Amino acid sequence: MADITNTTQAARAGAGENPVKRFFRATEIDTRLLGMIGAMLIIWIGFNIISGGLFLTPRNLWNLSVQTASVAVMATGMVLVIVTRNIDLSVGSVLGFVGMFMGVLQAELLPQILGFDHPLTWVIALAAGLVLGASIGALHGIIIAFLNVPSFIVTLGGLLVWRGATWFVTSGRTVAPMDATFRLMGGGTDGSIGATASWIVGIVACLAIVATLVNSRKQRRRFGFPLRPLWAEYFLTGVSCFLVLATVYVFNNYPWPVAIARKFADANGIAWPEGGLFISHGIAIPVLIAIGVGIVMTFISTRLRFGRYVFAIGGNPEAAELAGIKTRWVTVKIFALMGMLCAIAAAISTARLNAATNAQGELDELYTIAAAVIGGTSLSGGMGTVAGAMLGALVMQSLQSGMVLVGIDTPFQRIVVGVVLVVAVWLDTIYRARAR
């Protein structure tokens, strides 16, 4: 009965509204997020036309998802950093330093202790990298919180220090190859889960979407909050599940290269058919890692007390401290978490390259900050979403990938990225002014 009453009241409240406004009010779709999706579709269609239909192919979209993964992982942490009115300019250098550290561990140090191809090599290297990344982030946070040095200066220093330290670890050498299991985190033919597992993941994701929406409706009814109309719930469920399954379909339509497929067929005694052997890549492991990180970071930022503290500090630091929030320790934890996410991104990047290089992570701080800002995170603090930042990372990588595909020079690519970042901040300023 309460369900019907709440829905009826909502319908009466929007009876005189414009149909478009009524639709957005009923579905509660974030218009900024929808605008970003529209911009991304324009970018995709534009580059597809310019490239002669090469952009919107399963191969390019699969590669685009893998290329986005490392920046998307770091962007989820950058949201919390910027929400608290801080900035982290060191993420690219930390990625490079931690990636080099993990590379040296598994290519040079651990084989001398455990032997080559030991099953624990990648585990130890990854764990050590996570600890190192968290320690570097915590160090930045302590200097910022307890020594009152602005985050801009601390992380700018970190950008220079850790980039220089990366060179000193190996005196400028490139370290390769990586452990075979470790390389799976970088994607590629072996670093994908295949068609069947991808469909299973897609179906599980759809069930999770349905369960989330049902639970949200139950919680709203329990606390007496307005309910979305049932048609809006069905619409959101249908669109979300369609996008998930369509993504799986696209990834499953990208086959293994012919040479690798033939080698696989010969090794397993499979007769080579006349039209060739079609083996799907499916979803890449780094994409699953990025999605998993996004889910965890969304839970942390929206469901845990720590997340509420972060947004409270961003909204009004003085009021948060007077309310009893230990703002300094929260800042340390945010930067430690950012360092750990840099380590995860370093693992993805190093595994994808199958090498640790001195140039690894250069300019990633620009793309990470741009992804967060384009995704709706306000530089004034107090506002931002993890999902928006990950979508922003996809937009940034789409721009870069499209420009590479059509043969635009690297200097001009940087000009475009810089202009996009400035425009994004300008639009954020306009949005906040209108919101007031």
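Please read these numbers as outputs of a predicted model, since none were measured by experiment.

Enquirer: Break down the overall build of the protein for me, with residues and values.
Expert: Looking only at helices and strands, the protein has 17 helices and zero strands in total. By the compact-globule yardstick of 22 Å for 436 residues, the protein fits well, its C-alpha radius of gyration being 23 Å. Seen through its C-alpha atoms, the protein measures out along the principal axes to roughly 70 × 65 × 40 Å. In the protein, which comprises 436 residues, the proportion classed as buried is 45%. Of the contacts formed within the protein by residues at least 6 apart in sequence, a portion of 79% connects residues at least 24 apart. Summed over its atoms, the accessible surface of the protein is roughly 21700 Å², and 68% of this surface lies on carbon and sulfur atoms. Averaging the locations of the 29 positively and 19 negatively charged side chains of the protein gives two centres separated by 11 Å.

Enquirer: Describe the nonpolar core, and please don't skip the residues or the numbers.
Expert: In terms of nonpolar packing, the biggest core is built from 82 residues, with Met78, Met297 and Met338 touching the most fellow members. The leading source of residues in this core is helix H4 (residues 58-83), at 14 residues. For Met297, the residues in contact, after removing those within four places along its chain, are Thr76, Gly77, Leu80, Leu337, Leu341 and Val386. Among the nonpolar cores identified, the runner-up in size contains eight residues, and Val66, Val248, Ile283 and Ala284 belong to it.

Enquirer: Describe a nonpolar patch on the surface, naming the residues involved and giving the relevant values.
Expert: Residues Leu34, Ile37, Leu41, Ile45, Ile49 and Leu56 make up a contiguous nonpolar surface patch of about 510 Å² in total accessible area. Relative to the assigned elements, Ile49 resides in helix H3 (residues 31-50). Given a relative accessible area of 63%, Ile49 falls into the exposed group.

Enquirer: Outline the packing of helix H5 (residues 91-114) against helix H6 (residues 121-146), supporting the account with residue identities and numerical values.
Expert: Here H5 crosses H6 at 145 degrees, and the two axes come no closer than 9 Å. For the crossing formed where H5 meets H6, the hand is right-handed. For the pair formed by H5 and H6, the contact residues are Val94, Phe97, Val98, Phe101, Met102, Leu105, Gln106, Leu110 and Leu114 on the first element and Thr121, Ile124, Ala125, Leu126, Ala128, Gly129, Leu132, Gly133, Ile136 and His140 on the second. When its residues are assigned to classes, the contact of H5 with H6 shows 14 nonpolar, five polar and no charged.

Enquirer: I'd like to hear about the environment of Glu233, residue by residue, with values.
Expert: If you trace the backbone, Glu233 turns up in helix H9 (residues 230-252). Its relative accessible area of 7% is what places Glu233 among the buried residues. Between the alpha carbons of Glu233 and Val210 there is a distance of 9.3 Å; along the sequence they are 23 residues apart. The residues contacting Glu233, other than those within four sequence positions of it, are Leu213, Arg217 and Arg228.

Enquirer: Give me the pattern of salt bridges: which residues, what numbers.
Expert: Two side chains of opposite charge can pair, provided their charged atoms sit close to one another. Using the criterion set out here, one finds five salt bridges in the structure. The salt bridge involving Glu233 is made with Arg217; its shortest N-O contact spans 3.1 Å. Highlighted residues: Glu233 in helix H9 and Arg217 in helix H8 (residues 194-223), separated in sequence by 16 residues. The pair Glu233 / Arg217 is uniform in exposure class, with both members buried.

Enquirer: Just give me the short version of the state of the cysteines, but keep the residues and values in it.
Expert: The full count for this structure, using the stated rule, is zero disulfides. No disulfide involves Cys206; its sulfur sits 3.5 Å from that of Cys241, the nearest cysteine. Residue classification places Cys206 among the buried positions, given a relative accessible area of 9%.

Enquirer: Pulling in residues and values, what's your account of unusual backbone geometry?
Expert: Pro177 follows Ala176 through a cis peptide bond whose omega is -5 degrees. The residue Pro177 is located in the loop between helix H7 (151-170) and H8 in this model. The phi dihedral of Asp117 falls on the positive side, at around 60 degrees, and the residue is not glycine. When its relative accessible area of 68% is taken as the criterion, Asp117 is described as exposed.

Enquirer: Residue-level account of the environment of Val310, with values.
Expert: With respect to the secondary-structure elements, Val310 resides in helix H12 (residues 305-315). Under the relative-accessibility criterion, Val310 is labelled buried at 0%. Along the backbone, Val310 and Thr84 are 226 residues apart, and their C-alpha atoms lie at a distance of 6.2 Å. Apart from the residues lying within four places of it in its own chain, the contact partners of Val310 are Leu80, Val83, Thr84, Val330 and Ile334.

What counts, and where the lines are drawn
- Residues numbered from 1 in each chain as written.
- Predicted model: local features only at pLDDT ≥ 70, side-chain atom pairs only at ≥ 80, totals over all residues.
- Heavy atoms only, no water.
- Helix = DSSP H or I, 4+ residues; strand = E, 2+ residues; numbered from the N terminus.
- Rg over C-alpha atoms; globule rule 2.2 N^0.38 Å.
- Buried < 20%, exposed > 50% of the residue type's maximum accessible area, 1.4 Å probe, protein only.
- Contact = heavy atoms within 4.5 Å.
- Areas by Shrake-Rupley, 256 points an atom, 1.4 Å probe, with all protein chains shown as cover.
- Lys, Arg positive; Asp, Glu negative; His and termini not counted.
- Charge placed at Lys NZ, Arg CZ, Asp CG, Glu CD.
- Core = buried A, V, L, I, M, F, W, Y, C linked by side-chain atoms within 4.5 Å.
- Patch = residues over 30% accessible without salt bridge, like charges linked within 9 Å, V, L, I, M, F, W, Y side chains within 5 Å.
- Salt bridge = Lys/Arg side-chain N within 4 Å of Asp/Glu carboxyl O.
- Axes fitted to C-alpha atoms, helices over the stretch in contact; angles between N-to-C directions.
- Left-handed = near helix turned anticlockwise from the far one by under 90°.
- Nonpolar A, V, L, I, M, F, W, Y, C, P; charged D, E, K, R; others polar.
- Disulfide = S-S within 2.5 Å.

Take it as geometry only, folks, not as evidence of what the structure does.
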